[in-house]
Amino acid sequence: MQPESNLASRRLAIALGLLLAIALVVPLLGQPYYTRLVARMAIFGIAALSLDLLVGYAGLVSFGHAAFFGIGVYCAGLLPMLGVQQVWVIVPVAMLVAGLYGALSGLISLRASGLYFIFITLAFAEIVFYIAQGLRMLGGDDGFRLPAPTLLPGGASLANPVVLAYTMLGALVLAVWFARRLSESHFGQVVVAARDNETRLRAMGLSAYPYRLVLYTIASALCALAGVGFANLVEYASPASMSWIVSGEFLFMVILGSAATIIGPVLGAVVFVGLEQILSALTEHWLFWLGIILVLRVLLLRQGLYGLLTGRGQR
Amino acid sequence: MTGGLVLEQAFNGLQFGMILFLMAVGVTLAFGVMNLINLAHGSMLMLGAYFIAAAATKITAYPLAFVAALMLTAVASVLLEVLVMRPLYRMGHLDQVLATFGVSIAVNEAVIMIWGREAMFVAPPEWLDGTVALTDTISYPLYRLAITGVAALAGLALWLLLARTRLGMRIRAGAENGDIVGALGVNVRLLFIGVFVISSLLAALGGVMLGPLIAVQSGMGDPLLILALAVVVIGGVGSLKGALVASLAVGLLDTFGRMIWPHLMGNIIGNIVANASVYILMALVIAVRPSGLFGNHAA
């Protein structure tokens, strides 16, 4: 870290501390709407963070990340039908299934690059989307209501907004810690090196492919965690949770905050969820304005929110 | 399955493939020449459909409404190019994906603001309302045949434009090296507007012609765009030949798949496979040839 960014990183730390403090206090106020909002922000924070591992650190622009989110949603919806409600079964199963699909699709996707990678990840997400949509016994396109919520050890239910908010906040903090460790590790350095100069990496005798595949698998599994939270938040599972629009929204969160910063995309998710709530309260046609904001972010706000906060330009 | 039915489905697949071609060719052209990934391309198809639906309520003569719809799309695409697309040409893929995704969300909502949430319907022109006898027992709608014909003509016109005219030569040169073309005194800015308008018009043409066949509603272009993206990847980005071959292959695969897979695998799995078959094909192609069938360089 450069010395001149000392002040900036202190400013960032204060802002983050404040944000976390607010997030921790809000559920105590007894206002379910705001409690659920905090849970929603934490859930999308995890999703955006997992995508940032790919987009920011590995330079892999995935346009199909919602598939893994949706897998999490469906696991949280399906397992209670088999009588399984415990979080320590549901989360590992969701992450395993998503990780497996990530690894298998990654085997093929990661052979492609650039434009091809963007579209092939979209294609693999569409495949999952059509599988969910085709399962008519699960409501097909309409989806289904969660038969029962996920339960924490001790019996607390994620259907309770306060429990959900604190659980997802805890998961988010863990995810941030994990992602930072990962990005600073030897493994993370290789992934970044592959992003910046793959030829040089190859000259050093390292192939980027296995590293990227492992990262893709991790990011996929992490996103499923967010999906489990989301299913409990909306108490519903439907193919809409894995549509290409959701993938686009995830990318928006990452870029809104600025990629390759881990914290940035989490901020991006917070602002995105806030925007969504404010705009939809103001106008029925809030999607129009969301689209305009997205365009303006790309054309005008070049360095993202993180850059705005720390006063640093985009690398 | 009878021979007549197969013939009918083949015509349907061909028609679907040609509509996909109109979409895919615009995607591949914009990428080849301006290096632009345009996810708002489906919006152009949708705008074409809305414009013909709106024009048809004011203008009774179909050919006039047809021209009016295309002209309105041309105006919209010039505005879009100048306001949003031009700065994007020099940005990275990620920025392009996001900004054009934003445009498509905004346009999807804008048509709801203007025309409401209800789907609109367009009547095909009366003089195309009949059917043509394919065999003694099977007849085929004249309108669908006309679509295939017009799309094929548009493809041919595009090929003539690119291969035989000065403008086409410049476009091809721009795809090779835009900076050099600019240095040679060609107005690249104008050239890019031209290419963007052409690619938008091809998509809009698809929308105008699909108007009478499917419900005109917000987001109608998106599934077709995603299929067109698959076509472009399968064919190889930047390759017109690839776009044509892959469009027809995807059109036929999709149409016949909807008939065959449910038959072979039962309703549920069959339907899933039918819906996902194009993407499965795409994954297979990428697994074997990471830059598509006719793509010769990494995009």
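Summary of the structure given here.

Rules behind the numbers
- Counting restarts for each chain: residues are numbered from 1 in the order of the written sequence.
- Naming scheme: in the order in which they are written, chains are lettered from A and ligands are numbered from 1.
- Per-residue local features of the predicted model are confined to residues with pLDDT of at least 70, and side-chain atom pairs are confined, for both listing and counting, to 80 or more; whole-chain, interface and lining totals are unaffected and use all residues.
- Where helices and strands are cited, they refer to DSSP runs of H or I of at least four residues and of E of at least two residues respectively, numbered from the N terminus.
- Radius of gyration: over C-alpha atoms. The globule rule applied is 2.2 Å multiplied by the number of residues raised to the 0.38 power.
- Three exposure classes are used, all based on how many other C-beta atoms lie within 10 Å of a residue's own C-beta (placed from the backbone): buried at 20 or more, exposed at 12 or fewer, and partly exposed between those limits.
- The contact criterion used is a C-beta to C-beta distance within 7 Å, with each C-beta placed from the backbone.
- Inter-axis angles, ranging from 0 to 180 degrees, are taken between N-to-C directions of lines fitted to C-alpha atoms, where helices are fitted over the stretch in contact.
- Comment on the angle field: the value is read as roughly parallel under 35 degrees, roughly antiparallel over 145, roughly perpendicular from 65 to 115, and oblique elsewhere.
- Each helix crossing is assigned a hand: it is left-handed if the near helix lies turned anticlockwise from the far helix by less than a right angle, otherwise right-handed if that turn is clockwise.
- Here the term charged refers only to Asp, Glu, Lys and Arg, the term nonpolar to Ala, Val, Leu, Ile, Met, Phe, Trp, Tyr, Cys and Pro, and the term polar to all other amino acids, Gly among them.

With that out of the way, let us pick up the overall build of chain A. Assigned secondary structure in chain A consists of 13 helices and two strands. A globule of 315 residues ought to have a C-alpha radius of gyration of about 20 Å, and chain A, at 19 Å, matches this closely. Counting over 315 residues, chain A shows a buried share of 54%. Contacts in chain A between residues far apart in sequence, at least 24 positions, make up 77% of those at least 6 positions apart.

Moving on: the packing of helix H8 (residues 221–235) of chain B against helix H9 (residues 240–265) of chain B. Any two packed helices are characterised by the angle at which their axes cross and by the distance between the axes. All names here are of chain B. Running from N to C, H8 and H9 cross one another at 125 degrees; their axes reach a closest spacing of 8 Å. The orientation of H8 with respect to H9, classified from their angle, is oblique. Seen from above, H8 lies across H9 with right-handed handedness. Side by side, H8 and H9 meet where Leu 227, Ala 230, Val 231, Val 232, Ile 234 and Gly 235 of the first sit next to Gly 242, Ala 243, Val 245, Ala 246, Ser 247 and Val 250 of the second. For the contact of H8 with H9, the residue count by class is nine nonpolar, three polar and no charged.

Here we take up unusual backbone geometry. Trans peptide bonds make up the majority, and among non-glycine residues the majority have a negative phi. Residues and elements named next belong to chain A. Phi is positive for Ser 258, close to 100 degrees, though the residue is something other than glycine. Looking at where Ser 258 falls in the secondary structure, it is placed in the loop between helix H10 (244–257) and helix H11 (263–282). On the basis of neighbour count, Ser 258 is assigned to the buried category, with 27 C-beta atoms found within 10 Å. The residue Ile 262 is not glycine, and still its phi comes out positive at about 65 degrees. By the element assignment, Ile 262 lies in the loop between H10 and H11. Owing to 23 C-beta atoms within 10 Å, Ile 262 belongs among the buried residues under this scheme.

The quantities given are spatial measurements derived from coordinates; they are silent on function.
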